[in-house]
Amino acid sequence: VRHEEKKLIARHAFKLIQQGITIFLDISTVSLEIAKLIYEKNMNVIIVTNMIDIMQLFSQNSSVQLIFIGGIFNRARDGFIGSYTIEQIQQFKFDLSFIGVVGIDAYEGKVSTYDMNDGLTKKAIIQSSKKAYMVAESAKFDLDGNYIFADLSDFSGYICEKKLSLQLNKKLKRYGLDLLDEQ
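What comes next is a walk through the structure. (Residues numbered from 1 in each chain as written. Predicted model: local features only at pLDDT ≥ 70, side-chain atom pairs only at ≥ 80, totals over all residues. Heavy atoms only, no water.)

## Quick word on unusual backbone geometry
Not every positive phi belongs to a glycine, and Arg2 is a case in point at roughly 55 degrees. Position of Arg2 relative to the elements: it lies in the segment before helix H1 (3-14). (Helix = DSSP H or I, 4+ residues; strand = E, 2+ residues; numbered from the N terminus.)

Next up, the structure:
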């Protein structure tokens, strides 16, 4: 679903990645697209992830140093989440993290997902990151998960596939977010 939008978001996110940094790629289809770009360019970065598809991608020959975070396996999420995963994440300091979301409420300033353990894991990633970016299609403004895991102001920025309306742009800027969209 929305594959082209996700690839575009990944290309925007990729522009932030520099050689030698440590990145967390969260469980999300956009994160997988970012990982594919890093793999194609054979970048010299450290990637930390809890997503199995990303781990499998980098099991091939690559300059990337991959650190995989384990924990309780969640089949629906294709990765590991929960308290043991969080404990491992808290041992790191990431230069950049890319976080997928289910819903964005620009009026209340809240970000949500469907699963509590997924939300708590995402919150730990944000807290361990110098800069944390939401990576999500603009359609996420019309969706809501049932577990709020962050405020918009917890993020450094938001990366999407198209230029946002002036009204939405103003709202997000009020939360201090850098916006990376189609300029």
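## Some remarks on H1
Here H1 is 12 residues long and its end C-alpha atoms lie 16 Å apart, about the 16 Å a rise of 1.5 Å per residue gives. Three or more residues of H1 are buried, namely Lys6, Ile9, Ala10, His12, Ala13 and Phe14. Close packing links the buried residues of H1 with helix H2 (29-41), strand S6 (94-99), strand S9 (129-135), strand S11 (157-159) and strand S12 (178-180). (Expected span 1.5 Å × (residues − 1). Buried < 20%, exposed > 50% of the residue type's maximum accessible area, 1.4 Å probe, protein only. Contact = heavy atoms within 4.5 Å.)

## Looking at the layout of surface pockets
Here the largest pocket defines a volume of roughly 400 Å³. Along the walls of the largest pocket sit 21 residues, with Ile27, Ser28, Thr29, Val102 and Lys140 positioned nearest its centre. Elements with a contribution of two residues or more to the lining of the largest pocket: H2 and helix H5 (116-127). Classifying every residue of the lining of the largest pocket gives 10 nonpolar, four polar and seven charged. (1 Å grid on protein atoms, 1.4 Å probe; cavity = no way out; pocket = protein on both sides within 12 Å on 5 of 7 lines; lining within 4 Å. Points joined across faces, edges and corners; volume = space filled by probe spheres on them. Nonpolar A, V, L, I, M, F, W, Y, C, P; charged D, E, K, R; others polar.)

## As for the environment of Leu172
By secondary structure assignment, the location of Leu172 is in helix H6 (residues 166-174). C-alpha of Leu172 to C-alpha of Gln56: the two residues are 116 residues apart in sequence and 35 Å apart in space. Beyond its immediate sequence surroundings of up to four residues, Leu172 is in contact with Ala106, Phe141, Leu152, Tyr158, Leu164, Leu177 and Leu179.

## Topic: the sheet that holds strand S7 (residues 103-105)
Strand order in this open sheet of three strands is S7-S8-S10, and the pairing throughout is antiparallel. Since the sheet does not close on itself, it has two edges, and those belong to S7 and strand S10 (147-151), each with one partner. Shown here is a sheet whose adjacent strand axes are inclined to one another by a mean of 30 degrees, direction ignored. Sheet topology note: the strand S8 (residues 110-113)/S10 ladder contains four bridges and is antiparallel. Across the sheet, the residue bridging to Ser112 is Ile148, located in S10. (Pairing = 2+ DSSP bridges. Axes fitted to C-alpha atoms, helices over the stretch in contact; angles between N-to-C directions.)

## Comments concerning the packing of aromatic side chains
Applying the stated criterion across every chain, the model contains eight aromatic pairs. For the ring pair Tyr39 and Phe58, a centre distance of 5.8 Å and an interplane angle of 70 degrees mean the geometry is edge-to-face. A residue pair is termed long-range when its members are at least 10 positions apart, and Tyr39 in helix H2 and Phe58 in the loop between helix H3 (52-57) and strand S3 (65-68) qualify at 19 residues. In this structure Tyr39 comes out as partly exposed when scored by relative accessible area, which is 26%. For Phe58, a relative accessible area of 8% gives the class buried. Following the ring pairs from residue to residue traces out a cluster consisting of Phe24, Phe92 and Phe94. (Phe/Tyr/Trp six-rings, centres within 6.5 Å; stacked < 30°, edge-to-face > 60°.)

## Examining the sheet that holds S11
Strand order across the open sheet formed by seven strands is S3-S2-S1-S6-S9-S11-S12, with parallel pairing between neighbours. Where the open sheet ends on each side, the last strands, each with one partner, are S3 and S12. For this sheet, the mean inter-axis angle between neighbouring strands, taken without regard to orientation, is 20 degrees. Strand direction decides the pairing type here: S11 and S12, joined by three bridges, are parallel. Residue pairing for S12: Gly157 is matched across the bridge by Asp178.

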